[in-house]
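# Fold and contact review
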Amino acid sequence: MSYLRCSEAALLLFTFVQLTAALKCVCHLCVNHTCETEAEGACWNSVMLINGKEEAVKSCVSPSELKGQVFCYSSRNVSKRNCCFTDFCNNETLHLSPGVILGICAVQNLWCNLIKAHKQDPEESLDDQTLVSTDKCLKELIYDMNTSGSGSGLPLLVQRTIARTIVLQESIGKGRFGEVWRGKWSGEDVAVKIFSSRDERSWFREAEIYQTIMLRHENILGFIAADNKDNGSWTQLWLVSEYHEHGSLFDYLNRYTVSVEGMIVLALSIASGIAHLHMEIIGTQGKPAIAHRDIKSKNILVKKNGTAVIADLGLAVKHDSNTNTIDIPINHRVGTKRYMAPEILDDSINMSSFESFKRADIYSMGLVFWELARRCSIQGIYEDFQLPYYEQVQSDPSVDDMRKVVCEQKLRPSIPNQWQSCEALRVMGKIMRECWYANPAARLTALRVKKTVSQVTVVKDVKE
Ligand code: ADP
Ligand code: MG
């Protein structure tokens, strides 16, 4: 039988308390400049360059932030940050070494007021030649960070600083989780998706997916920052992204018709966004294949230039091709019922193959193409905006309603006769049919759709 001597027991107890107890930390953005961590959290100390000045940020780090992300590591040369584990251990003020500071982007512009420092070796000294031109912007900074190997997206310190200096302007949308707002950051519009604290998992998941290495693409919503801020009573969970004033494709098609060219541009960018998500890129800088699982016109946004981006990645799943596994436990039937593929509705989907999830996305994309093509105006002729299966089901249909229509009666949205008179609409009609085959394996791939759409020649002399 063994027993602990008093001093051993005290040491054990001390270690245990150290590891698990809540900590008090210096916190700039908190009441009384103090925050308290949850058990197994840490104090956070950081410094970055904003508008040419060193800005220190000190706060608490939650156990989940400590676990999955890169909170406690200085990004090679943009910022310094560290985590520590005793009360008020983040009291000291950190400084950046001069070699870190390369250049500062123009102050007025959202995309231009962050430091352009990351291309520089930290050991090199600052001289005129190494100054990066001031027209380099946040957009490029994010892009470079993603491709230069220093991670996917901005360092969390930068993300948090951006998020905490946004001023919310107006509510612009509501979906499954919380609310989406237009906000101002440094004079520019950004979109802020605010999750309620009970949806913390969804917030974390969406932020995690957006920060998948190599995910950034012109047809995927540009992620800027994620932040979780404790305001004393509850945790505010923010996801900041580029703002698109046209809103969703659903809103856009309700409001406007599109020309043949406009339709092709939208269709091509939707297929390109989905093809990029679906594609696995092999290598250390590779990206896993991702399936969206909630493709619909409300989850696609329209940019000012008439192209589209895929948004709302909250339900997406990643594939690990080495182990042939999916990164989260799958609860099937998670998307929007109206857009669910037949094999999801009747539960015949083969969940052991990742291809199945991609094929279900393609079915939903076919329905979006149908919504889009109806709004294509040719010589002033077009259809009104409708959701797929508007003739067969009421609003908010149940899985059973949809299963009867899609699996049993095998109905699909109808293709208007006049589409035959326009080459582009004929091609769109053919693509749709090949996207919504009952047999998932027979459906087109996103890459194939992209190629076919890109080959459509738009006859310019057709009057819209
Ligand atoms: P949810 O997960 O709650 O469905 P979404 O990300 O789909 O949230 O956003 C809900 C709605 O908010 C969208 O359908 C769109 O109308 C609007 N919205 C979302 N993000 C943006 C953005 N970046 N720019 C403009 N509008 C947006
Ligand atoms: Mg949505």
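Residues numbered from 1 in each chain as written. Chains lettered and ligands numbered in written order. Predicted model: local features only at pLDDT ≥ 70, side-chain atom pairs only at ≥ 80, totals over all residues. Heavy atoms only, no water.

Looking now at the coordination of the magnesium ion (ligand 2). Looking at the magnesium ion (ligand 2), the protein donor atoms are Asn 299 (OD1) and Asp 312 (OD), and they sit 2.1 to 2.2 Å from it. Taken together, the residues Asn 299 in the loop between strand 11 (290–291) and strand 12 (300–302) and Asp 312 in the loop between strand 13 (308–310) and strand 14 (317–320) connect sequence positions 13 residues apart. (Donors = N, O, S within 2.8 Å, 3.2 Å for Na, K, Ca; no water. Helix = DSSP H or I, 4+ residues; strand = E, 2+ residues; numbered from the N terminus.)

Attention now moves to the layout of surface pockets. Looking at the largest pocket, its volume works out to about 1,000 Å³. Taken together, 41 residues form the lining of the largest pocket, with Lys 174, Gly 175, Lys 298, Asn 299 and Asp 312 sitting closest to its centre. Residues belonging to the lining of the largest pocket are distributed by class as follows: 16 nonpolar, 11 polar and 14 charged. (1 Å grid on protein atoms, 1.4 Å probe; cavity = no way out; pocket = protein on both sides within 12 Å on 5 of 7 lines; lining within 4 Å. Points joined across faces, edges and corners; volume = space filled by probe spheres on them. Nonpolar A, V, L, I, M, F, W, Y, C, P; charged D, E, K, R; others polar.)

The strand order 6-7-8-10-9 describes an open sheet built from 5 strands, whose pairing is antiparallel. Of all the strands in the sheet, the pair left with one neighbour each is strand 6 (167–174) and strand 9 (223–230). Ignoring which end each strand starts from, the neighbouring axes of this sheet average 30° apart. Sheet topology places strand 8 (residues 188–195) next to strand 10 (residues 235–242); 6 bridges connect them, and they run antiparallel. (Pairing = 2+ DSSP bridges. Axes fitted to C-alpha atoms, helices over the stretch in contact; angles between N-to-C directions.)

Our focus in this paragraph is the pattern of salt bridges. As enumerated under the stated definition, the model contains 22 salt bridges in all. For Glu 36, the salt bridge is made with Lys 24, and the minimal N-O distance between the two is 3.9 Å. In this pair, Glu 36 sits in strand 2 (residues 34–36) while Lys 24 sits in strand 1 (residues 24–26), placing the two residues 12 residues apart along the sequence. By relative accessible area, Lys 24 is classed as partly exposed at 38%. One salt bridge in this structure joins Asp 400 and Lys 404, with 3.5 Å as the shortest N-O distance. Within this pair, Asp 400 and its partner Lys 404 are both found in helix 10 (residues 399–408), separated by 4 residues, close to a single helical turn. The network of salt bridges with common partners includes Arg 176, Lys 193, Glu 206, Asp 294 and Asp 312. (Salt bridge = Lys/Arg side-chain N within 4 Å of Asp/Glu carboxyl O. Buried < 20%, exposed > 50% of the residue type's maximum accessible area, 1.4 Å probe, protein only.)

Another aspect to go through is the state of the cysteines. Tallied over the entire structure, the rule returns 3 disulfides. What pairs with Cys 25 in a disulfide is Cys 43, and their sulfur atoms sit 2.0 Å apart. Measuring the twist about the S-S bond at about -80°, one finds the Cys 25-Cys 43 disulfide to be left-handed. Here the residue Cys 25 occupies a position in strand 1, and Cys 43 occupies one in strand 3 (residues 42–50), the gap between them amounting to 18 residues. We note that Cys 25, like Cys 43, is buried. (Disulfide = S-S within 2.5 Å.)

Below, the discussion takes up the pairing of strand 8. In regular strands, side chains alternate between the two faces of the sheet. Burial analysis of strand 8 places 6 of its 8 residues in the buried class, which makes it a mostly covered element. Bridge count for strand 7 (residues 179–185) against strand 8 is 7 bridges, and the pairing is antiparallel. Its bridge partner lying in strand 8, Glu 179 is registered against Ile 194. Counted along the chain from strand 7 to the antiparallel partner strand 8, the turn is 2 residues long, and its residue Ser 186 has a positive phi close to 55°.

Below, the discussion takes up helix 9 (residues 355–374). The first and last C-alpha atoms of helix 9 sit 29 Å apart over 20 residues, in line with the 28 Å expected at 1.5 Å per residue. Counting buried residues along helix 9, 18 of its 20 residues qualify, which places the element largely inside the surrounding structure. (Expected span 1.5 Å × (residues − 1).)

Taken together, 19 residues lie near ligand 1, and Arg 176, Lys 193, Glu 242, Lys 298 and Asn 299 sit nearest. A distance of 2.8 Å separates an oxygen atom of ligand 1 from a polar backbone atom of Arg 176. Here a nitrogen atom of ligand 1 and a side-chain polar atom of Ser 241 are 3.4 Å apart. For ligand 1, the cavity whose grid points lie within 2 Å of the majority of its atoms is the largest pocket. Looking at the shell around ligand 1, the elements that each hand over two or more residues are strand 6, strand 8 and strand 10. The residue inventory of the shell around ligand 1, partitioned by class, reads 7 nonpolar, 6 polar and 6 charged. (Near = heavy atom within 4 Å. Polar contact = N/O pair within 3.5 Å; in protein donor to acceptor, adjacent residues only side chain to side chain. Sits in = over half its atoms within 2 Å of the grid points.)

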